[in-house]
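One-letter residues, chain by chain:
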Amino acid sequence: MALSHIVVFNLTCSPEEIILSSTVNCKILEPMSLATNSFSSSMQILENKNVTPRPRWLDLPKAISKFFLRNRLVDTVDCKEVQEIMAKSSTTPQSSANSNIVAEWMRFPFTEDKQTLKFIKESKIMFVIRGLSGSGKSTLVRHLQSIYHDSIVCSADNYFMKDGIYCFDQEKLSSAHEHCQELAKKACIENRNVVIIDNTNVRYWEAKPYFILASNYNYINIVASPNTPWKLDAKELSQRNKHDVDLITIKRKVSSFEDFIPFYYGWFVNEQLSARLLSMGRDYFKECTELYPLFRQHLETLCPDITDGNLIKDYFPEDLKRKIVHCTSRYVGKGRAEGGKEYHQKEDVQKSYGKVFIVTLYGFIITDKTLGARIHLPQEALVLFDNPEERQRDMASSPLKSPVSPSKTSRHSPLKSPVSPRKTPKRSPLKPQVPLRKPSDANANFDECIRGISLLKTPSSQAKDDLSLKSESKDVAAITKLFPFVRPKSRGRAAHMTLGTADKIQSKQTAIDLLDICDIEKSSPAIPQDFERVKEGKSRLYDDSHCCIYLDKPYNIPVLFTGSY
């Protein structure tokens, strides 16, 4: 059929720049924004009383017809009216209902929260974007690019672009994904700040190579999908997608679209701060083994094959690949752990995903099995924390009992019963006693904050509404009166970051060791003479297997709540 009118579209431009020539008549019933980098501009709803029975857009060629269908451009209205409104929209901000819809499904902590944006721009983050064709995935990617200007996008679709034209070839699909993975690996090797993976990622195995890359190169993963109302509506997706994917194929992909549940959720520290925390933990380990001969002797009996006198190197071998530390909020086991799927689906978890929190580092624990950092969680993070070991300990009515004889001590045996805290070695006459700070002085030191890539002590305005302490209360442990962050009876006391484990010891053992120490702290007296001075804090050896570091000035650390896939 011969066309009497011609429509010329520049699809790379914003809606205001679309050129309509001749006198084509159309009515916009439910316009959708096509903006690439600007998300506030959108075409207004035009009204025309002279509506023809048959939509004339059906007579256009297939490509143009699909454009109209995808963007709900139907019926008739005078072209001059369209051009006038577009001219106004180029200078006047629009506030149509449609722009609100677009903004709503673009809202994530990593696109709006200032604290989160700052963290991501200073860290190594890999966004794994997933969604079916037509779901708004590409629009979300462009939105991320507009926020993170130094980001790099890796997409299998780019493999099929020839001179600006998409030429899909099913036989080359495998090569396209291999090419995309090579680009992502190259970006990781170059330490690009933000890497964006722009593929459909319908099933887990499709995204797994990128999760492995992130782990090997110390990137933190964020899995994101556009929250469009039609993201799983096959009919709507078949109309909206720009790659001519048919309805049958879309339906098949919708039915196989998997829910990505991680192995565990947690708060992740970026690479630079992780390195600093690992260094601090190892420094304290070395200091305590020098300060307490009894502790060192016990560890040496469990690690007889010391090669060069470096006990920590042999006792806590480093993970040469993954050097990102984290505080686990809940192990979900990809939904297979008891209660894991329910935790994954919790509203608080979904709303907090991809958001930065500020947690407080207030000490370290060193045992014959683990090396860990003690973490205090703010109230907004505490609602996400669910540690099964702590729950079981709280449910137990009797105190901790050792099932083995104290004389049988091994790295793989249960911990011994608590002994007198006065078992610490005598203080050297060359080392003057440092008076312990008063509780009131301690409160003044809580405003310490980690900024950027190093532990810099700068004032923080973070509220401490959950740190109020009534020292006169009979229920407060003695250690808490000296170090208010140390609360061996409170919920969240098992929050920690594992910095090292002995050979054949799982990282979850750190939570068990920390809970054992909390049980010791609850029942032990605490006076200044029980502590030894160490760098930036005080130490205490409770027995030959449990040593603690209490920092004089706790640090606030920015962490990203996400999952490990």
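Our structure's up above, just so we're on the same page.
These numbers come from a predicted model, not from an experiment.

## So, helix α8 (residues 204–216)
Okay, step 1: For α8, spanning 13 residues, the distance from its first C-alpha to its last is 18 Å, which sits close to the expected 18 Å at 1.5 Å a residue.
Okay, step 2: Within the span of α8, buried status applies to Tyr-204, Glu-206, Ala-207, Tyr-210, Phe-211, Leu-213 and Ala-214.
Okay, step 3: Among the structural elements, β3 (125–129), α7 (173–189), β7 (194–198) and β8 (220–224) are those in contact with the buried residues of α8.

## Describing the side chain of Thr-367
Okay, step 1: For Thr-367, the location among the structural elements is in strand β11 (residues 355–367).
Okay, step 2: Engagement of the side chain of Thr-367 in a polar contact is seen with the backbone nitrogen of Lys-369, the distance being 3.0 Å.
Okay, step 3: At 2.9 Å, the side chain of Thr-367 and the backbone nitrogen of Thr-370 are in polar contact.
Okay, step 4: With near-sequence residues (within four places) excluded, Thr-367 lies in contact with Phe-295, Leu-299, Tyr-315, Phe-316, Asp-513, Ile-517, Ser-545 and His-546.

## Let's talk about the pairing of β7
Okay, step 1: Taking burial as the measure, the 5 residues of β7 include 5 buried ones, the bulk of the element.
Okay, step 2: Neither face of β7 is exposed, since Val-194, Ile-196 and Asp-198 on one face and Val-195 and Ile-197 on the opposite face are all buried.
Okay, step 3: Pairing analysis gives 5 bridges linking β3 to β7, with the strands arranged parallel. By the bridge assignment for β7, Met-126 is matched with Val-195.
Okay, step 4: Summarising the sheet, strand β4 (residues 152–154) and β7 pair through 3 bridges and their orientation is parallel. Pairing of Cys-154 across the sheet is with Ile-197, part of β7.

## Points about the layout of surface pockets
Okay, step 1: In this structure, the second largest pocket spans a volume of roughly 1,400 Å³.
Okay, step 2: Of all the elements in the fold, those that place two or more residues in the lining of the second largest pocket are α8, β8, β9 (264–268), α11 (271–291), β10 (326–331), α17 (388–395), β15 (496–501) and β18 (546–564).
Okay, step 3: Residues of the lining of the second largest pocket, tallied by class, amount to 23 nonpolar, 15 polar and 11 charged.

## Overview of the packing of α7 against α8
Okay, step 1: At a closest axis distance of 10 Å, the pairing of α7 and α8 adopts a crossing angle of 15°. Judged on the interaxial angle alone, α8 and α7 are roughly parallel. Read as a crossing pair, α7 and α8 show a hand that is right-handed. Between α7 and α8, the residues in contact are His-177, Cys-180, Gln-181, Ala-184 and Lys-185 and Pro-209, Tyr-210 and Leu-213, respectively.
Okay, step 2: When its residues are assigned to classes, the contact of α7 with α8 shows 5 nonpolar, 2 polar and 1 charged.

## Considerations on unusual backbone geometry
Okay, step 1: One non-glycine residue, Asn-191, lies in the positive phi region at around 60°.
Okay, step 2: Among the structural elements, Asn-191 can be located in the loop between α7 and β7.
Okay, step 3: A positive phi is found at Lys-504, a non-glycine position, where the angle reads about 65°.
Okay, step 4: Topologically, Lys-504 is positioned in the loop between β15 and α20 (509–523).
Okay, step 5: Residue Lys-504 is classed as exposed on the basis of its relative accessible area, which comes to 72%.

## Side note on the nonpolar core
Okay, step 1: Counting residues in hydrophobic clusters, the biggest one holds 110 residues, and the most contacted among them are Met-126, Phe-127, Trp-267 and Met-497.
Okay, step 2: What Phe-127 contacts, discounting residues up to four positions off in sequence, is Phe-110, Ile-120, Leu-144, Tyr-148, Val-194, Val-195, Ile-196, Ile-197 and Ile-222.
Okay, step 3: Residues Ile-365, Ala-477, Ile-479 and Cys-518 belong to the second largest nonpolar core, which totals 17 residues.

## Some points on the packing of aromatic side chains
Okay, step 1: Applying the stated criterion across every chain, the model contains 20 aromatic pairs.
Okay, step 2: Note on Tyr-204 and Phe-260: the rings are 5.9 Å apart at their centroids and 75° apart in plane angle, and the pair reads as edge-to-face. With Tyr-204 in helix α8 and Phe-260 in the loop between α10 (247–255) and β9, the pair connects residues that are 56 residues apart, well separated along the chain.
Okay, step 3: Overall, Tyr-204 belongs to the buried group, its relative accessible area being 16%.
Okay, step 4: A residue is classified by how much of its surface remains accessible, and Phe-260, at 6% relative accessible area, is buried.
Okay, step 5: Ring plane angle 15° and centroid distance 4.8 Å describe the contact between Phe-483 and Tyr-550, whose orientation is recorded as stacked.

## As for the pattern of salt bridges
Okay, step 1: For the structure on display, the rule yields 22 salt bridges.
Okay, step 2: Glu-347 is paired through a salt bridge with Lys-351; the nearest N and O atoms lie 2.8 Å apart. Of the two residues, Glu-347 and Lys-351 both sit in helix α15 (residues 347–352), 4 residues apart, roughly one turn of that helix.
Okay, step 3: Note on Glu-347: relative accessible area 51%, which makes it exposed.
Okay, step 4: Judged by its relative accessible area of 56%, Lys-351 falls in the exposed class.
Okay, step 5: With its nearest N and O atoms 3.0 Å apart, the salt bridge here joins Lys-538 to Asp-552. Linking Lys-538 in strand β17 (residues 537–543) with Asp-552 in strand β18, this pair joins segments that are 14 residues apart in sequence. Both residues of the pair, Lys-538 and Asp-552, belong to the buried class.
Okay, step 6: Through salt bridges with shared partners, one network takes in Arg-393, Asp-516, Asp-519 and Lys-522.

## What to know about the sheet that holds β7
Okay, step 1: Spatial strand order, β4-β7-β3-β8: 4 strands in an open sheet with parallel pairing. Each having just a single partner strand, β4 and β8 make up the two edges of the open sheet. Across this sheet, the average inter-strand angle for adjacent strands is 20°, counted without regard to direction.
Okay, step 2: Contacting β3, β7 and β8, helix α5 (residues 114–121) crosses the sheet at an angle of about 110° to β3.
Okay, step 3: Across the sheet, α7 lies against β3, β4 and β7, angled at about 155° from β4, the strand it touches most.

Here is what the cut-offs are and how they apply
- Residues numbered from 1 in each chain as written.
- Predicted model: local features only at pLDDT ≥ 70, side-chain atom pairs only at ≥ 80, totals over all residues.
- Heavy atoms only, no water.
- Helix = DSSP H or I, 4+ residues; strand = E, 2+ residues; numbered from the N terminus.
- Expected span 1.5 Å × (residues − 1).
- Buried < 20%, exposed > 50% of the residue type's maximum accessible area, 1.4 Å probe, protein only.
- Contact = heavy atoms within 4.5 Å.
- Polar contact = N/O pair within 3.5 Å; in protein donor to acceptor, adjacent residues only side chain to side chain.
- Pairing = 2+ DSSP bridges.
- 1 Å grid on protein atoms, 1.4 Å probe; cavity = no way out; pocket = protein on both sides within 12 Å on 5 of 7 lines; lining within 4 Å.
- Points joined across faces, edges and corners; volume = space filled by probe spheres on them.
- Nonpolar A, V, L, I, M, F, W, Y, C, P; charged D, E, K, R; others polar.
- Axes fitted to C-alpha atoms, helices over the stretch in contact; angles between N-to-C directions.
- Parallel < 35°, antiparallel > 145°, perpendicular 65-115°, else oblique.
- Left-handed = near helix turned anticlockwise from the far one by under 90°.
- Core = buried A, V, L, I, M, F, W, Y, C linked by side-chain atoms within 4.5 Å.
- Phe/Tyr/Trp six-rings, centres within 6.5 Å; stacked < 30°, edge-to-face > 60°.
- Salt bridge = Lys/Arg side-chain N within 4 Å of Asp/Glu carboxyl O.

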